[in-house]
Amino acid sequence: MTTPKMPLVDNYKMTDTDWNEYFECRKKYDIEMTKEQQEAIFRDAIDLRKAGKIEESENLLLKLPAPANVMLSAKTRFGFKAIQEYNLTEAKKAYPEEF
């Protein structure tokens, strides 16, 4: 795999171990989803929240593809470690050389 473009703010130096972890997270978290699958996750998250299971609801919502512009901004400001546990499928489509 090629190394993505580095953040503008260089506040954290990625080690080889960090890069390996980042790319493992890409395999784990970057899951393509249909609109129907995303809507089902939203419904399930709402049900969990209504049942008082806030943390479970939030963890479920993290499976959704994050908005591309938000992930680009977060990567630029905070670096790869801050975004590695998000679903970056949309960000990778919009900014393929950044992720």
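Given the structure is predicted, the values throughout are model-derived calculations rather than measurements.

### Looking at helix α4 (residues 68-78)
Taken together, the buried positions of α4 are occupied by Ala68, Met71, Leu72, Ala74, Lys75 and Thr76. Packed against the buried residues of α4 are α5 (80-83) and α6 (89-94). Among the residues trailing α4, Gly79 stands out with phi positive, at a value near 95 degrees.

### Observations concerning the side chain of Arg26
Locating Arg26 in the fold gives a position in helix α1 (residues 16-29). On the accessibility criterion, Arg26 (6% relative accessible area) is buried. Looking at Arg26, its side chain comes within polar contact range of the main-chain oxygen of Gln84, at 3.1 Å. Apart from the residues lying within four places of it in its own chain, the contact partners of Arg26 are Ile83, Gln84, Tyr86, Leu88 and Lys92.

### Re the packing of helix α2 (residues 35-50) against helix α3 (residues 54-61)
Where α2 contacts α3, the axes come no closer than 8 Å and their chain directions differ by 165 degrees. Here α3 runs roughly antiparallel to α2, going by the angle between their axes. Crossing geometry of α2 relative to α3 is assigned as left-handed. In this structure, α2 uses Ile41, Phe42, Asp44, Ala45, Leu48 and Arg49 to contact α3, whose residues at the interface are Ile54, Glu56, Ser57, Glu58, Leu60 and Leu61. Taken together, the residues of the contact of α2 with α3 break down into seven nonpolar, one polar and four charged.

### Some thoughts on the packing of aromatic side chains
Within the structure shown, the criterion is met by five aromatic pairs. For the ring pair Trp19 and Tyr22, a centre distance of 5.8 Å and an interplane angle of 90 degrees mean the geometry is edge-to-face. A residue pair is termed a helical-turn pair when its members lie 3 or 4 positions apart in one helix, as Trp19 and Tyr22 do in helix α1 at three residues. For Trp19, a relative accessible area of 12% gives the class buried. Taken together, a centroid distance of 5.0 Å and an interplanar angle of 70 degrees make the contact between Tyr22 and Phe80 edge-to-face. Taken together, the residues Tyr22 in helix α1 and Phe80 in helix α5 connect sequence positions 58 residues apart. Accessibility classification places Tyr22 together with Phe80 in one group, the buried group. Among the aromatic residues, those joined into a ring-pair cluster are Trp19, Tyr22, Phe23 and Phe80.

### Looking at α2
For α2, spanning 16 residues, the distance from its first C-alpha to its last is 23 Å, which sits close to the expected 22 Å at 1.5 Å a residue. Among all positions in α2, only Gln38, Ile41, Ala45 and Leu48 are buried. An end-on view of α2 places all buried positions within 85 degrees of arc, on one side of the element. Turned more than 90 degrees off the buried face of α2, the exposed positions are Lys35, Glu36 and Lys50.

Basis of the calculations
Residues numbered from 1 in each chain as written. Predicted model: local features only at pLDDT ≥ 70, side-chain atom pairs only at ≥ 80, totals over all residues. Heavy atoms only, no water. Buried < 20%, exposed > 50% of the residue type's maximum accessible area, 1.4 Å probe, protein only. Helix = DSSP H or I, 4+ residues; strand = E, 2+ residues; numbered from the N terminus. Contact = heavy atoms within 4.5 Å. Polar contact = N/O pair within 3.5 Å; in protein donor to acceptor, adjacent residues only side chain to side chain. Axes fitted to C-alpha atoms, helices over the stretch in contact; angles between N-to-C directions. Parallel < 35°, antiparallel > 145°, perpendicular 65-115°, else oblique. Left-handed = near helix turned anticlockwise from the far one by under 90°. Nonpolar A, V, L, I, M, F, W, Y, C, P; charged D, E, K, R; others polar. Phe/Tyr/Trp six-rings, centres within 6.5 Å; stacked < 30°, edge-to-face > 60°. Expected span 1.5 Å × (residues − 1). Arc of directions from axis to C-beta.

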